[in-house]
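# Architecture at a glance
Here is how the chains run, residue by residue.
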Amino acid sequence: MIQKKICMLGAFATGKTSLVARFVKSIFSEKYHTTVGVKIDKKVLKVGSEDLMLMLWDLAGEDEFNKVQMSYLRGSAGYILVVDGTRRSTLDKAFSLQKNVEEAIGKVPFILVLNKADLVEDWEIDQATITELTDQGLVVIKGSAKTGEGVEELFLSLAEKMVGA
Amino acid sequence: MSLDPDLGQTNKLASEKSTVDAESDAQNQAELLGELRHLLFAPEQEELSKIKKHLNDPEQQAQSVSNVLPRAFALSIKRDERLGEALQPTIETAIKVSVKKDPRTLVDALFPVMGPAIRKAIAQTLSTMLQSLNQTLENSFSAQGLKWRLEAFRTGRTFAEIVLLKTLLYRVEQVFLIHKETGLLLQHMVSPILLSKGTEIQDADMVSGMFSAIQDFVRDSFQVGQNESLQELRMGDLTVWIEQGPQALLAGVLRGNAPKELRATFQEALEKIHLEQSTILSEFQGDASIFENVRPLLEPCLESQYEAKKDEKKLSPAFLGTFGVISTLLLIWFSVWLWHYWHWQIYLDRLNSEPGIVITQTSKQGSKYFIAGLVDPLATNPEELRKQAGLSEKKVISRWEPYQAMQPKFILARAKDILQTPETVNLRLENNVLIASGKAPNQWIRDAKRWSRVIAGVSSFKEDNLIDQETEELEQVKLEIEKQYFLFVNGKTQFIDGEEKKLSQLVTTLKKLISLAESINKRLEIRIIGQTDEVGTQDLNLSLSKERATKMVNLLATQNIDSKYFSAVGIGVADTLTNTANSQQNSEVNRRVSFQISVINTK
């Protein structure tokens, strides 16, 4: 089985952990985020007819106290940017992160996921913004950890992008 | 009109040569020549120009050279070393540039080679260190240390090796081969022991991912140089050794206390992998199946698991038996020797403290002890002492010679013997003066006086406290006689009835007295004293008493006792006895004769 390293990045409390919790296999507890700054998860999925194993480096969220460690990104085949749809600021944060990543490891395929899609009332990112992003060539997926919406799609899209590239 | 510059040049030269004469002529000729050349050599001329063009074009030239360059190198190398020498400065420059640009490239390339060389150098240093360690350990002398020392001697290893061996107990549980860049797992191996135990093993992929994350974490969090890498993790008796290569790292999880050699095994395995799989490693895109063939290289890492060899069990029975027998025999021999020696010492001590025994020589003759000395016949027999000391006579050769000890004890004993001292005499020696006390026959006393001076160690003889036996007897008899008295009839010199019977007894006693006195050279003066009672006149009584005394003398003379011993004395009424209240009895008692004896020395 082919293995690929991918990273999960995003601002603090964007729901990265909840997003993946049900859908990946993990043997390490949440405390790894705060102690080491990263937690390793594993996801196996089928891309076409082939099995692909994704080693997920679930990076601790960034806030004013913690910066995401760029060294963890080394060797990544792809990454996922997680945004909290109910907080606009997290989208901006995602962009700045993306720039940092590109600086660190170059142009690597990534997916932008707008999490907490179930909280429709609090939603702060309008369709116009989304269209803007997709127009720029970004792959944007709406998802919800609660409902499970978009999670499989998220990983599959990234996988395809990586394999395709 | 020329087709190429060269031709034009020739033309020019030609024209310069013959400018004056036939310039026009030459020109014509030249034209014709040119045309002729062209007709004849057109293809060749084209070829030539192509070649020239090729030569002038650097790119094309490079191409053609590059084609033949490898072959040219190969051929040159076969011929001689000129190429190497010529290239040397170039290569040096190349290396410098490479290092300047990025040293890692060169390091990565040299990695498989450098490792063994460095390790060899370290091993040398370590072996010398081990020697000094050995020296230090030499000084430890615990019971266990002694046991290990014995084992080292027996198995031919150094003591330090044995120490390390005994204290080692470890097991390699898992081996991870991880791709450095991505943290992805390339290969994972688990020790069969762990598998058979059914121990739960965490997902190796995630473990290896996290592992790489930890390394990054440490590097990021603490001031660590970029070229530094994690080498060891330790928690309790669990250790993870990490060997870093340029593209992959090897992590060995082991429990216990592993030797340095194991680390070298890890390093070697990693180097081999890099050597054999370098291209595959650099092109790794996630497909780890291509690393299956790396497993045999990782095997040795797992297999170098062992527990301390229980070599003691391998002790051959023959060795043990012989050793046991020999040591028992030695022990027996030693204890026997010791026992004899101890008893010998006791014997010597006893001899030394015994008076009258002088040791002149002691030695060991083979298995026997030898002793020579002087012994006083009156002293304790050395053989007796030997028996008391518990030595058998077979163990001791003795040579005793007699001598006379001069201790008072011996002088006295000798004196007693020589003088034939009777039991009634008690001899004592003080400051070489022989003092006798008690009772002895007169003759003995006289002999003793004479002979005592001949005894060695006796300066004089004192018999002051010695009682002459004969003298004593004489005294006794004397008293006996003096107790006696004969009673007379009133007014007469006639004995009363029955008194004559006492006479014979008296005679016997007197004779005894006389002979005794004579035997010891004493003179006797026996006064027979007559007395009367108070009746009558003094004159009458005096003469009566005298008559009575005389009568006794005569009587004794008739019994063959010489009268020279006697003197008859009459004292009349004097010295009356009044021992009873009865006056009549008193009177009777006073009508008597009694005796008074004096013993006088003749010398």
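Residues numbered from 1 in each chain as written. Chains lettered and ligands numbered in written order. Predicted model: local features only at pLDDT ≥ 70, side-chain atom pairs only at ≥ 80, totals over all residues.

### Examining the nonpolar core
Test applied: By definition, a nonpolar core groups buried Ala, Val, Leu, Ile, Met, Phe, Trp, Tyr and Cys residues that are joined through C-beta atoms within 7 Å. Residues with at least 20 neighbouring C-beta atoms inside 10 Å of their own are called buried, those with 12 or fewer are called exposed, and the rest are partly exposed, where every C-beta is derived from the backbone. Here, residues touch in the contact sense if the C-beta positions derived from the backbone fall within 7 Å of one another.
Ranked by internal contacts, the top residues of the largest apolar core, which has 76 residues, are A:Trp57, A:Ile80 and A:Leu81. Not counting residues within four places of it along the chain, the set of residues in contact with A:Trp57 comprises A:Lys5, A:Cys7, A:Met8, A:Val38, A:Ile40, A:Tyr72, B:Gly209 and B:Ala213.

### What about the environment of A:Asn115?
All names here are of chain A. Definition in use: Secondary structure elements follow DSSP: runs of H or I of four or more residues count as helices, runs of E of two or more count as strands, with numbering from the N terminus.
If you trace the backbone, Asn115 turns up in strand E6 (residues 110–115). Measuring from C-alpha to C-alpha, the distance between Asn115 and Asp84 comes to 5.1 Å, with 31 residues separating the pair along the chain. Sequence-distant contacts of Asn115, that is, excluding residues within four places in its chain, are made with Thr14, Gly15, Leu19, Val82, Val83, Asp84, Gly85, Gly143, Ser144 and Ala145.

### Observations regarding the packing of helix H16 (residues 469–483) of chain B against helix H17 (residues 501–519) of chain B
Residues and elements named next belong to chain B. What counts is decided by this rule: To define axes, lines are fitted to C-alpha atoms, for helices over the stretch in contact only, and angles between the resulting N-to-C directions are given on a 0 to 180 degree scale. Angle categories are assigned with fixed cut-offs, so that under 35 degrees is roughly parallel, over 145 is roughly antiparallel, 65 to 115 is roughly perpendicular, and the rest are oblique. By the definition used in this description, the sense in which the near helix is turned from the far one sets the handedness, with an anticlockwise turn below a right angle giving left-handed and a clockwise turn giving right-handed.
Where H16 contacts H17, the axes come no closer than 9 Å and their chain directions differ by 150 degrees. Judged by the angle between their axes, H16 and H17 are roughly antiparallel. Judged by the twist between their axes, the crossing of H16 over H17 is left-handed. Residues Glu470, Glu473, Leu474, Val477, Lys478, Glu480 and Ile481 of H16 pack against Thr509, Leu510, Lys512, Leu513, Leu516, Ala517 and Ser519 of H17.

### Examining the interface of chain B and chain A
Put simply, the rule reads: Side-chain classes are defined by residue name, with Ala, Val, Leu, Ile, Met, Phe, Trp, Tyr, Cys and Pro counting as nonpolar, Asp, Glu, Lys and Arg as charged, and the others, Gly among them, as polar.
Between chain B and chain A, the contact holds 19 residues from the first and 20 residues from the second. Split into classes, the residues belonging to the side of chain B that touches chain A amount to 7 nonpolar, 5 polar and 7 charged.

### Observations concerning the sheet that holds strand E7 (residues 368–375) of chain B
All names here are of chain B. Here is the rule we go by: In short, DSSP must find at least two bridges between two strands for them to pair.
Across the sheet, 3 strands lie side by side as E6-E7-E8; this open sheet has mixed pairing. Each edge of the open sheet carries a strand with a single partner, namely strand E6 (357–365) and strand E8 (396–402). Sheet twist, expressed as the average angle between the axes of neighbouring strands with direction ignored, equals 15 degrees. Of the pairings in the sheet, the one linking E7 to E8 comprises 7 bridges and is parallel in character. Paired with Ile371 across the strands is Ser398, a residue of E8.

### Description of the sheet that holds strand E10 (residues 433–440) of chain B
Residue and element names in this part refer to chain B. Spatial strand order, E9-E10-E11: 3 strands in an open sheet with mixed pairing. In this open sheet, the two strands that pair with only one neighbour each are strand E9 (425–430) and strand E11 (460–468). On average, adjacent strands in this sheet sit at an angle of 15 degrees to one another, irrespective of strand direction. Where helix H15 (residues 442–451) meets the sheet, its contacts fall on E10 and E11, and the angle it forms with E11 comes to roughly 170 degrees. Along the sheet face, H16 touches E10 and E11 and points at about 20 degrees away from the line of E11.

### Details of the pairing of E6(A)
All names here are of chain A. Note the cut-off: Throughout, right-handed denotes a crossover for which the path from the first strand over the helix to the second runs clockwise when the strands point away from the viewer.
Most of E6 sits inside the fold, with 6 of its 6 residues counted as buried. Here E6 shows no split at all, with Phe110, Leu112 and Leu114 on one side and Ile111, Val113 and Asn115 on the other all buried. Bridge analysis of strand E5 (residues 78–84) against E6 gives 6 bridges, and the strand direction is parallel. Considered in E6, the bridge of Val83 is made with Leu114. You can see the chain leave E5, run along helix H3 (residues 88–105) and come back into E6, and the turn it takes is right-handed.

### What about the environment of B:Leu186?
Residue and element names in this part refer to chain B. By the secondary structure assignment, Leu186 is in strand E2 (residues 185–190). Taking the number of C-beta atoms within 10 Å as the measure of exposure, Leu186 has 27 and is therefore buried. Placed 10 residues apart in sequence, Leu186 and Phe176 show a C-alpha to C-alpha distance of 7.7 Å. Contact partners of Leu186, with chain neighbours within four places excluded, come to Leu177, Ile178, His179, Ala248, Ala288 and Phe291.

### Side note on the confidence of the model for chain A
Definition in use: Here pLDDT means the predictor's own confidence in every residue, given as a number from 0 to 100.
Summary statistics for chain A give a mean pLDDT of 83 and a share of 92% for residues scoring 70 or more. The secondary-structure element of chain A with the lowest mean pLDDT is helix H2 (residues 31–35) of chain A, recorded at 69, while E5(A) shows the highest, at 90.

### Details of unusual backbone geometry
All names here are of chain B. Positioned with a positive phi, Gln420 is a non-glycine residue whose angle comes to about 55 degrees. Its location among the elements puts Gln420 in the loop between helix H14 (408–419) and E9. By the C-beta count within 10 Å, which is 11 here, Gln420 ends up exposed. In the Ramachandran plot, Asn432 falls in the positive-phi region, its phi being about 65 degrees despite a non-glycine side chain. By the element assignment, Asn432 lies in the loop between E9 and E10.

### What about the confidence of the model for chain B?
Of all residues in chain B, 87% have pLDDT values of 70 or greater, and the mean over the chain is 82. For residues 304–314 of chain B, every residue scores under 50 in pLDDT, and the model assigns this stretch 15 contacts once sequence neighbours within four places are set aside.

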